[in-house]
Amino acid sequence: VTAIALAAGIVAIFFAPHWDKIGDIKGAQMGVYFIAILGLNIVTGYTGQISLGHGAFMAIGGYTTAILVTEHGVRDLWTIPIAALVAGVAGFLFGVPALRLSGLYLALVTFGLAIAMPAILAWDKLESLTNGGQEIQLFGSENLLGKGFENVTVLGHSLSFNRAVYYLTWGIGLVLLVVAWLLLRGAEGRAFRAVRDSEIAAASSGVNVAAHKTLAFAISASYAGIAGSLLVIAVAFADPQSFPAKLSLTLLVGAVVAGLGSLWGVLAGAAFVEFLPDAALHISKAQGVPDAVYGAALILVVLVLPSGVAGGLRRAVTPLTTRLYTRS
Amino acid sequence: VPVRRIVLLIPAALLVLGIPVALGSNAADPGLTPTSIHIGGTTPLTGSAQAFQSVAKGAEAYFKYVNARGGVNKRKINYEYLDDEYTPSKTVSQTRILVEDKDVFAIFNSLGTEQNEAIRPYLNTKHVPQIFAATGATSFGRDYRQYPWTIAYQPTYIAEGAMYGNYIRRTMPQAKIAILYQDDSYGADLIKGLERGLGPRKGNIVSKVGYSATDDNVQSQIARLRSSKASILMLFSTPKFTIQAYQYVNGLGWKPKIFVNAVSSASNVMILSSSRGQNKRVEGSISIVFLKDPNDPKWNRDKGVLLYRKIMKRYQPKGNAKDVYNMYGMSAAFTFVDALKHAGKNPTRQSLMNAVLRLSERNNPFLLPGMSIRTSATDHYPLDQARLERWQNGRWISFGGLLKARS
């Protein structure tokens, strides 16, 4: 079943941008959300630690790419694993003090990180590294795919820059989905879930709670770092305002809509956060209305599908499958 | 002689064959049909900066008004603005969608300094006009050699800062000055202009405290500025933070003379800042003005303001006609239409850009009387005049004559 789903996913990813309503650019943005929400789901959905600060790890990944491409002449593709590593280390370091916190307190501290990140990026002392509050333009750089606008030749096919970024994002997204799936179905995944469901029970079963919490944080942050890196490559541009605190909230919204503790729902979560704002604007452009529509839609989703899209699907499908089993 | 005839026929045949080739190579730029011209831009329709969206909506209303009168050279102007949430990375992706998926002819009136900086290299590489960027950052008028497809609209922030500096140097040369500023190139330009205007008095600046556009509030910044004991406070901040700043200044019992930058001095924002007259710290504030203020009763019989109200009522009925940003958008749209008229019957991106750089507009009904818009190959500053104004009893009173606002 998984293999079929995966194959269907690959086909869908290949054809989606040909469908006018989505297009390469929106499709790639959704891919960025997909990867970040996937990562957030590992720490929040599977390990039970609420993070309201994953936008900050995206900023770390994004700035890693921006600085390496412009200052050190590193090819954009090679900056992606480095961004994952840097954000992962940041996530690990952040995960250590976070061990002492749980629930609401952890959520607050991570949100503090999200709020502080733009200011940190604009901090005078880091100016030599981050260019202060000013932008970093990657556009036109030789190290960027097609310099940020030219066609890119991949395996003999000429692709537009946007299409190339789209495939790059979803290609990486798919790999990361498989990695997450492999990780979570094994012993590590069981340990994560044990920590989420009861730390005491997990500890008494021999699970190293602290190690698993920090590990989950590090992996999750490295996913966000990759997402941030891809975002910067896609727009060929980085600045502090592009990683506002709101981004972290958006990611958590995506994870909740997806269904915490589900990998397949992440697709729905990413689609929700990418396309709902457009839909809200479609209803009305009057000042203040789109934000209200967005909020109302979110409340509705949580009311109707308290365990996210994945949970809703499970509830719909389970009665059918159990009947199948009981009959046979 | 048949041979000669054939020889004569060859150039004729080439000519006939050549015409379609020539027409083909001269194919219209994207976004142009015989009956329409499609332009686009970005604006914050959602999020914390959404107060600025009237800049797009006022322009939209004016284009609808022009379209109802037959458009420009029989072309209707289709102005499509997308939401960028005031987030520069979104500005980039929405602008790419407009240019590559929606084939717009030009980008018009996109809002924000960082936002316009983010898309500038892209648009110039693609040779897409970036017309009347809604920002006063000096770079947009100064760096035209590097970015020939880009031009802004309003007076620059450096020029604005210099007007305040000049005024302070002349009237309050001893006063100590504190500055609240947005920590980006917009804030930096205003400070640079202020220092230029103060000249030898720039040492009077005793405190500068910045905030980030993504901050929640400026309470601690105001507290720090107050401790400098300055008697003049410059608010180089966007509306949300300006409104907060007035509240905090009042709450702390501080009584400085306040200068508020034009970005936040729309009378509808000032009325909010003053809590509808409750907050006395707003009284006597000084700013600059270049648009007619639709809330000022002195324009009640003015043709431009009457036209503005008529257009708002008919084409933006859900909009708030008291919102001065609509007036800004309408003024920019008026100048755009003016340029389009001069770009030829079948404009190209190049001919539109040429027309934008040959403006001589004296009849813009939405600008203060006597103002003119002039541009040339070497003058990329469309609006370069303004007056000083003082907030008194719930409205702006301008004083002094039209001043040159050039940096």
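The numbers attached to residues start from 1 for each chain and follow its sequence in the written order. Here the convention is simple: chains get letters from A, ligands get numbers from 1, in the order in which they are written. The predicted origin of the model limits local features to residues at a pLDDT of at least 70 and limits the giving and counting of side-chain atom pairs to 80 or more, whereas totals for whole chains, interfaces and linings rest on all residues. Processing note: side-chain calculations cover all non-hydrogen atoms of the structure and skip hydrogens and water entirely.

Caption draft 1: Focus on the overall build of chain B. What chain B contains, in helices and strands, is 13 helices and 15 strands. Our radius of gyration looks at C-alpha atoms and nothing else; its globule reference is 2.2 Å times the residue count to the power 0.38. Compactness check: chain B gives a C-alpha radius of gyration of 24 Å against a globular reference of 22 Å for 407 residues, within 12% of the reference. Considered along the principal axes of its C-alpha atoms, chain B spans approximately 100 × 40 × 40 Å. Partitioning the intrachain contacts of chain B with sequence separation of at least 6 by distance along the chain shows that 71% fall at a separation of at least 24. Each accessible area is a Shrake-Rupley estimate made with a 1.4 Å probe; only the visible protein chains count as cover when residues are assessed. Carbon and sulfur atoms make up 53% of the accessible area of chain B, which amounts to about 16,300 Å² in all. Under the counting rule used here, the positive set is Lys and Arg, the negative set is Asp and Glu, and His together with the chain ends is not counted. Each charge is placed at NZ for Lys, CZ for Arg, CG for Asp and CD for Glu. Of the side chains in chain B, 53 bear a positive and 29 a negative charge, and the two mean positions are spaced by 8 Å. In DSSP terms, a helix is any run of H or I states spanning at least four residues, a strand is any run of E spanning at least two, and both are numbered starting from the N terminus. Two residues form a contact once any of their heavy atoms are found within 4.5 Å.

Caption draft 2: A look at the pairing of strand β2 (residues 36–43) of chain B. Residue and element names in this part refer to chain B. The rule is simple: take the accessible area with a 1.4 Å probe, protein chains only, and divide by the maximum for that residue type; under 20% is buried, over 50% is exposed, in between is partly exposed. Among the eight residues of β2, seven are classified as buried, and the element is accordingly described as predominantly covered. The hairpin turn running from strand β1 (residues 32–33) into β2, its antiparallel successor, is two residues long. Pairing between strands requires that DSSP locate at least two bridges from one strand to the other. By the bridge criterion, eight bridges tie β2 to strand β3 (residues 76–83) in an arrangement that is parallel. Following the sheet pairing, Ser36 is matched in β3 by Lys76. With the strands aimed away from the viewer, a crossover counts as right-handed if its path from the first strand over the helix to the second runs clockwise. On the question of chirality, the crossover connecting β2 to the parallel β3 by way of helix α2 (residues 54–68) is right-handed. Across two bridges, β2 lies against strand β4 (residues 106–108) in parallel orientation.

Caption draft 3: View of the side chain of A:Glu274. All names here are of chain A. Its location among the elements puts Glu274 in helix α12 (residues 265–283). The exposure class of Glu274 is buried, given its relative accessible area of 4%. Any pair of N or O atoms that falls within 3.5 Å is considered a polar contact. Within protein, one atom must be able to donate a hydrogen and the other to accept it, and sequence-neighbouring residues count only if both atoms are side-chain atoms. Side-chain polar atoms of Glu274 contact the side chain of Lys26, separated by 3.4 Å.

Caption draft 4: A look at the side chain of A:Asp239. With respect to the helices and strands, A:Asp239 occurs in the loop between β4 (237–238) and α11 (245–258). Think of a salt bridge as a Lys or Arg side-chain nitrogen and an Asp or Glu carboxyl oxygen that are within 4 Å of each other. Despite its burial, A:Asp239 remains without a salt bridge, the nearest opposite charge being carried by B:Lys90 at 12 Å. Engagement of the side chain of A:Asp239 in a polar contact is seen with the side chain of A:Ser242, the distance being 2.6 Å. Once residues within four sequence positions are removed from consideration, A:Asp239 is found in contact with A:Tyr63, A:Glu135, B:Pro88 and B:Glu114.

Caption draft 5: Focus on the interface of chain A and chain B. The interface of chain A with chain B comprises 30 residues on the first partner and 37 residues on the second. By buried area we mean how much accessible surface two parts lose on assembly, using a 1.4 Å probe and totalling the loss over both. Of the roughly 2,900 Å² buried where chain A meets chain B, counting both sides, 52% is carbon and sulfur surface. Three residues stand out in chain A for area buried against chain B, namely A:Gln241, A:Lys285 and A:Gln287, and they jointly supply 21% of the buried area on that side. Taken together, chain A and chain B are joined by one salt bridge. One salt bridge connects B:Glu85 with A:Lys246, and the closest N-O pair in it is separated by 3.2 Å. One can count 13 residue pairs in polar contact (both at pLDDT 80 or more) joining chain A with chain B. Among the secondary structure elements, those contributing two or more residues to the side of chain A that touches chain B are α2 (23–46), α7 (161–185), α10 (209–235) and α13 (289–304) of chain A. In terms of residues, the side of chain A that touches chain B owes the most to one element, α2(A), which gives four residues.

Caption draft 6: Just the nonpolar core, in detail. The nonpolar core is taken to be a set of buried Ala, Val, Leu, Ile, Met, Phe, Trp, Tyr and Cys residues, with the residues joined through side-chain atoms within 4.5 Å. Counting residues in each nonpolar core, the largest one holds 101 residues, and the members touching the most others are A:Ile35 and A:Met58. Every residue in contact with A:Met58, bar those within four places of it in the chain, is listed here: A:Val32, A:Ala36, A:Ala224, A:Ala227, A:Gly228, A:Leu231, A:Phe243, A:Leu247 and A:Leu251. Counting 94 residues, the second-largest nonpolar core is a separate cluster that includes B:Tyr167, B:Ala332, B:Leu359 and B:Met371.

Caption draft 7: Looking closely at the confidence of the model for chain B. Predictor confidence is given residue by residue as pLDDT, running from a minimum of 0 to a maximum of 100. Per-residue confidence for chain B gives a mean pLDDT of 90; residues scoring 70 or more make up 93%. ipTM for the predicted complex: 0.89, alongside a pTM of 0.87.

Caption draft 8: Broad picture of the pattern of salt bridges. Residue and element names in this part refer to chain A. Under the criterion given, the structure shown has 18 salt bridges over all chains. A salt bridge links Lys26 to Glu274, with the shortest nitrogen-to-oxygen separation between them at 3.4 Å. With Lys26 in helix α2 and Glu274 in helix α12, the pair connects residues that are 248 residues apart, well separated along the chain. A relative accessible area of 11% places Lys26 in the buried class.

Caption draft 9: Just a nonpolar patch on the surface, in detail. A cluster of nonpolar residues, A:Leu85, A:Val89, A:Phe92, A:Leu93 and A:Val96, forms a patch on the protein surface that exposes about 470 Å² of accessible area. Of note, A:Leu93 is situated in helix α4 (residues 76–98). Without a salt bridge and with relative accessible area above 30%, a residue can belong to a patch; like charges are then joined within 9 Å and nonpolar side chains (Val, Leu, Ile, Met, Phe, Trp, Tyr) within 5 Å.

Caption draft 10: How the structure looks around α12(A). The span one expects for a helix is its residue count, reduced by one, times 1.5 Å. Compared with an ideal rise of 1.5 Å per residue, which puts 19 residues at 27 Å, α12(A) spans 26 Å between its outermost C-alpha atoms and is within 8% of the ideal. Of all the bends in α12(A), the greatest, near 40°, is centred on A:Phe275, and the proline A:Pro277 appears no more than four residues after it. Two axes define the bend at a residue: one fitted to the seven residues ending there, one fitted to the seven starting there, and the bend is the angle between them.

Caption draft 11: Spatial organisation of the packing of aromatic side chains. Stacked, edge-to-face and tilted labels apply to pairs of Phe, Tyr and Trp rings (six-membered ring for Trp) whose centres lie within 6.5 Å, assigned for plane angles under 30 degrees, over 60, and everything in between, in that order. What the rule picks out here adds up to 32 aromatic pairs over all chains. Ring plane angle 85° and centroid distance 5.9 Å describe the contact between B:Tyr62 and B:Phe366, whose orientation is recorded as edge-to-face. Linking B:Tyr62 in helix α2 with B:Phe366 in the loop between β12 (360–361) and β13 (373–374), this pair joins segments that are 304 residues apart in sequence. Like B:Phe366, B:Tyr62 is buried. Ring plane angle 90° and centroid distance 5.8 Å describe the contact between B:Tyr153 and B:Tyr328, whose orientation is recorded as edge-to-face. Here B:Tyr153 is found in the loop between β6 (150–152) and α6 (157–171), whereas its partner B:Tyr328 is found in helix α12 (residues 324–341), with 175 residues between them in sequence. B:Tyr328 shares its class with B:Tyr153; the two are buried. Here the guanidinium or amino end of A:Lys285 rests over the ring plane of B:Tyr81, the centre of that ring lying 4.5 Å away. Geometrically, a lysine NZ or arginine CZ counts as sitting over a ring once it is within 6 Å of the ring centre and also within 35 degrees of the ring normal. When the ring centre of B:Phe140 is taken as reference, the NZ or CZ atom of B:Arg120 above it lies at 4.6 Å.

Caption draft 12: Geometry of the pairing of strand β11 (residues 286–289) of chain B. Residues and elements named next belong to chain B. Residues of β11 alternate between two faces, with Ile286 and Ile288 on one and Ser287 and Val289 on the opposite face, all of them buried. For β11 and strand β14 (residues 385–392), the ladder comprises four bridges, and the chain directions are antiparallel. What sits directly across from Ser287, in β14, is Glu389.

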